[in-house]
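# Secondary and tertiary structure notes
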Amino acid sequence: MSNNFRPMSPHMGIYKFPFAGLLSGAHRITGALAYLYLLCTSWLLIFSHYCKQVPKLITFFGTGNIGFILMSLFLVAAFYHTFNGIKYLLWITGKAHSVKAVNSIGILTILLTIITSILYIILLKKL
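Here we summarise the structure given alongside this text. (Residues numbered from 1 in each chain as written. Predicted model: local features only at pLDDT ≥ 70, side-chain atom pairs only at ≥ 80, totals over all residues. Heavy atoms only, no water.)

## Notes on the packing of aromatic side chains
Aromatic ring pairs are defined here through the distance separating the ring centres and the angle between the ring planes. Inspection of every chain in the model, using the stated rule, returns 4 aromatic pairs. Where F79 meets F83, the ring centres are 6.4 Å apart and the plane angle is 20°; that geometry is what we call stacked. Linking F79 with F83, this pair stays in helix α3 (residues 65–92), spanning 4 residues, or about one helical turn. Owing to a relative accessible area of 19%, F83 belongs among the buried residues under this scheme. A ring pair is formed by F79 and Y120, whose centres lie 5.1 Å apart and whose planes are at 55°; its orientation type is tilted. Remark: Y120 occurs in helix α4 (residues 99–126) and F79 occurs in helix α3; sequence separation between them is 41 residues. (Phe/Tyr/Trp six-rings, centres within 6.5 Å; stacked < 30°, edge-to-face > 60°. Helix = DSSP H or I, 4+ residues; strand = E, 2+ residues; numbered from the N terminus. Buried < 20%, exposed > 50% of the residue type's maximum accessible area, 1.4 Å probe, protein only.)

Here it is as structure tokens:
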């Protein structure tokens, strides 16, 4: 062995996590959260037909700050998942495969998510 000071395996301190990997993980997490939110909402609507207490629970969450926060988080997850899905559609057409294009489209995805989420949250607050 020519270099005895070389580490046997890479260490986390020298490993730079790729930006595309972070966006991919966020895409999966937001998809799962959006699915969970829609599943819980649909079950609440189904149970509201059979149980008289569920509409009171829906009204409590729908008119309070908790419901507003949950709806806002759902909107952020849904918008990010949508814009990242559009980015994926670009990829499967064979466009934007360079590292620079991937990073710039990823930043654009995040910016579009923030802008549309803020606009919709302002709209929700006015309702």
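## A word on a nonpolar patch on the surface
Together, I107, I110, L111, I114, I115, I118, L119, Y120, I122, L123 and L127 give the surface a local cluster of nonpolar side chains, amounting to about 1100 Å² of exposed area. Following the sequence through the fold, I115 ends up in helix α4. (Patch = residues over 30% accessible without salt bridge, like charges linked within 9 Å, V, L, I, M, F, W, Y side chains within 5 Å. Areas by Shrake-Rupley, 256 points an atom, 1.4 Å probe, with all protein chains shown as cover. Salt bridge = Lys/Arg side-chain N within 4 Å of Asp/Glu carboxyl O.)

## Describing helix α1 (residues 19–50)
Its 32 residues place the ends of α1 47 Å apart at the C-alpha level, agreeing with the 46 Å of an ideal helix rising 1.5 Å per residue. When α1 is considered as a whole, its buried residues turn out to be L23, T30 and A34. Against α3 and α4 lie the buried residues of α1. (Expected span 1.5 Å × (residues − 1). Contact = heavy atoms within 4.5 Å.)

Remember that the coordinates give geometry; whether it matters functionally is a separate question.
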